[in-house]
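Working through the structure, step by step
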Amino acid sequence: MSKYSIGVDLGGTNLRAAAIGADGVMIEKIAGSAAISAGPDAVVADMVRSVKEMRSRLGDADLAGIGIGIPGFIRMETGVVAGWANGPAFNGYPIRDAIEKQLGTKVILENDANSAALGEKWMGAGRGVDDLVLLTLGTGVGGGIIIGGRILHGQLGMAGELGHLTVVPNGNPCGCGNRGCLEKHASATAIAAMGRLMNLGPNLSSEDVFKLAQAGNDRALTIFRSMGEALGIALANLINIFNFPLYLLSGGPIPAWEFFSPSMLAEAKRRSFTYRTAATRIEPAKLGNEAGLYGAAFLPFQG
Ligand SMILES: [Zn+2]
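The structure contained in this document is the topic of the report that follows. Since the model is a prediction, treat every value here as computed from it, not as a measurement. (Residues numbered from 1 in each chain as written. Predicted model: local features only at pLDDT ≥ 70, side-chain atom pairs only at ≥ 80, totals over all residues. Heavy atoms only, no water.)

Focus: the coordination of the zinc ion
Defined as follows: Think of the donor list as every N, O and S atom within 2.8 Å of the metal, or within 3.2 Å for Na, K and Ca; water never makes the list, so a site can look incomplete. Geometry assignment treats four donors as tetrahedral when all angles are between 85 and 135 degrees, treats four as square planar and six as octahedral when opposite donors are over 155 degrees apart and all others between 65 and 115, and treats everything else as irregular. Every helix listed is a DSSP run of H or I at least four residues long, and every strand listed is a run of E at least two residues long, numbered separately from the N terminus. Three labels apply to residues, based on accessible area from a 1.4 Å probe with only protein chains included: buried if under 20% of the type maximum, exposed if over 50%, partly exposed otherwise in between.
Only His164 (ND1), Cys174 (SG), Cys176 (SG) and Cys181 (SG) from the protein reach the zinc ion as donors, at distances of 2.0 to 2.3 Å. Note that the zinc ion binds four donor atoms; their angles at the metal cover 105 to 118°, and the shape is tetrahedral. We note that the donor set of the zinc ion lies within a single chain, spaced as H-x9-C-x1-C-x4-C. A residue pair is termed long-range when its members are at least 10 positions apart, and His164 in the loop between β10 (150–151) and α4 (183–186) and Cys181 in the loop between β10 and α4 qualify at 17 residues. Looking at His164, the relative accessible area reads 26%, which means it is partly exposed.

Now the structure itself:
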């Protein structure tokens with residue numbers, strides 16, 4: 001057998017782990033059970049159990065390493081959680097030490113959106129492209145920047161927090177302390193909130209708004225146009241900064257591409273000379289919710 005690595009993707013509600021070969025072929029995948037709400041110790045124990053299970057089946061001889069994507073800010077040097085949107089109990093938790101102690105081996109930690117960007121670069125829509133940006137549209141908006149084939153970290157590992165780019169000067173307040181953040185105007189949560197504001201129904205999800213748009217509902221179409229504008233402004237800024245060839249979008253709202261992409265691309269065009277001048281692709285990502293698993297598994301191969 002050739003070398004393999006283990007990637008772990010800790011989501012908001014579930015944990016998945018996969019053994020992936022150096023050639024990018026997934027060997028096996030398992031799902032854990034601990035929810036973030038169970039707290040750091042339970043989540044780490046579940047993660048360790050999943051990894052041990054796979055190691056015992058596939059053996060240590062060919063194991064290249066273990067990469068773990070987590071939905072929070074990590075201080076890359078110390079492996080301590082600096083911030084975790086939906087799990088305040090994780091703040092200040094020394095997650096890397098806790099995992100390494102129980103596993104008895106080194107692990108590589110990464111922010112989940114950064115992992116997803118790396119996964120798309122390795123085996124998804126970014127194959128063969130060394131410079132790209134990924135925006136993940138979900139409860140919030142995550143971002144990952146790949147430059148020269150590697151994740152851009154910044155000084156603490158907090159670069160690429162693209163969900164908090166300001167796209168509306170005095171827009172909706174955000175948990176980060178700012179107003180008008182991209183994620184308050186273009187996440188799945190924001191789409192649902194706009195739907196409720198526009199009286200499209202109570203307990204609405206972004207899928208419900210999508211279905212209404214498909215049925216030709218004017219207000220639902222307006223919501224996606226507004227979401228597209230917010231994305232287009234963010235993308236124009238990113239294109240002006242990086243002049244990369246590729247910008248990818250993933251997440252629940254992607255099926256509504258036909259409804260939000262016209263205004264998104266029009267805004268990008270209007271606001272970015274670079275976009276109008278350089279060959280630049282803005283496209284849906286390909287790996288869906290497996291991007292983070294691939295990216296986490298790629299971390300040990302990257303060295
Ligand atoms: Zn924000």
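Re the side chain of Glu100
Which entries qualify depends on this criterion: The positive count covers Lys and Arg only, the negative count covers Asp and Glu only, and His and the chain ends enter neither. Salt-bridge detection follows one rule: a side-chain nitrogen of Lys or Arg within 4 Å of a carboxyl oxygen of Asp or Glu. Polar contact is defined as a pair of N or O atoms within 3.5 Å, subject to the rule that within protein one atom must be able to donate a hydrogen and the other to accept it, and that residues adjacent in sequence are counted only when both atoms are side-chain atoms.
Looking at the element boundaries, Glu100 is found in helix α2 (residues 95–103). Although Glu100 lies buried, it forms no salt bridge, and the closest oppositely charged side chain, Lys106, sits 4.0 Å away as judged by the N-O distance. At a separation of 3.0 Å, a polar atom in the side chain of Glu100 contacts the main-chain amide nitrogen of Val107.

Comments concerning the packing of helix α6 (residues 206–214) against helix α7 (residues 218–242)
Rule in force here: Whenever a helix is involved, its axis is fitted only over the stretch in contact; in every case the axis is a line through C-alpha atoms, and angles between N-to-C directions fall within 0 to 180 degrees. Each crossing is labelled by how the near helix is turned from the far one, with a counterclockwise turn of less than a right angle marking it left-handed and a clockwise turn marking it right-handed. Note on contacts: a residue pair qualifies if any of its non-hydrogen atoms lie within 4.5 Å across the two residues. Residues are grouped as follows: nonpolar covers Ala, Val, Leu, Ile, Met, Phe, Trp, Tyr, Cys and Pro; charged covers Asp, Glu, Lys and Arg; every other residue, Gly included, is treated as polar.
Close contact between α6 and α7 brings their axes to 7 Å; oriented N to C, the two are set at 115°. In this structure, the crossing between α6 and α7 has a hand that is left-handed. Taken together, the residues of α7 that come into contact with α6 (itself represented by Ser206, Val209, Phe210, Leu212 and Ala213) are Ala220, Leu221, Ile223 and Phe224. For the contact of α6 with α7, the per-class residue count stands at eight nonpolar, one polar and no charged.

What to know about unusual backbone geometry
In the Ramachandran plot, Asn199 falls in the positive-phi region, its phi being about 55° despite a non-glycine side chain. Within the element layout of this structure, Asn199 appears in the loop between α5 (188–197) and α6. Phi at Asn203 is positive, roughly 45°, even though this residue is not glycine. Here Asn203 shows up in the loop between α5 and α6. Among the residues examined, Asn203 registers a relative accessible area of 74% and is labelled exposed.

Details of the sheet that holds strand β11 (residues 246–251)
The line we're drawing: A pair of strands counts as paired when DSSP detects no fewer than two bridges linking them.
Strand order in this open sheet of five strands is β10-β9-β8-β11-β12, and the pairing throughout is mixed. Because the sheet does not close on itself, it has two edges, and the strands there are β10 and β12 (281–284). With six bridges connecting them, strand β8 (residues 132–137) and β11 associate as parallel partners. Looking across to β11, one finds that Val133 is bridged to Tyr247.

Digging into the packing of helix α1 (residues 40–58) against α2
Here is the rule we go by: Any angle from 65 to 115 degrees is called roughly perpendicular, while one under 35 is roughly parallel, one over 145 is roughly antiparallel, and all others are oblique.
Where α1 meets α2, the axes come as close as 10 Å, and the angle between the chain directions of the two elements is 40°. Here α1 is positioned oblique relative to α2, judged by the angle of their axes. In the packing of α1 onto α2, the handedness of the crossing is right-handed. Residues Val44, Ala45, Met47, Val48, Val51, Lys52 and Arg55 of α1 form the contact with α2, whose own contacting residues are Ile95, Ala98, Ile99, Gln102 and Leu103.

Regarding the sheet that holds strand β2 (residues 15–21)
Across the sheet, five strands lie side by side as β3-β2-β1-β4-β7; this open sheet has mixed pairing. Unpaired on one side and paired on the other, β3 (26–31) and β7 (108–111) mark the two borders of the sheet. Taken over all neighbouring pairs, the strand axes of this sheet differ in orientation by 20° on average, direction set aside. As paired elements, strand β4 (residues 63–70) and β7 share four bridges and run parallel to each other. Each bridged residue has a counterpart across the sheet, and for Ile70 the counterpart in β7 is Asn111.

Details of α5
Along α5, the residues that are buried comprise Ala188, Ala190, Ile191, Ala192, Met194 and Gly195. Where the residues of α5 are buried, they touch α4, α6 and α7. Directly after α5, the chain includes Asn199, whose backbone phi takes a positive value near 55°.

Some thoughts on the pairing of strand β1 (residues 4–10)
For β1, the buried fraction is high: seven of the seven residues fall into the buried class. Judged from the seven bridges that link them, β1 and β2 form a sheet pairing that is antiparallel. By the bridge assignment for β2, Ile6 is matched with Ala19. If you look at the hairpin formed by β1 and β2, you'll find four residues sitting between the two strands. Taken together, the six bridges between β1 and β4 define a ladder with parallel strand orientation. Opposite Ser5, over in β4, you have Gly65 as the bridge partner.

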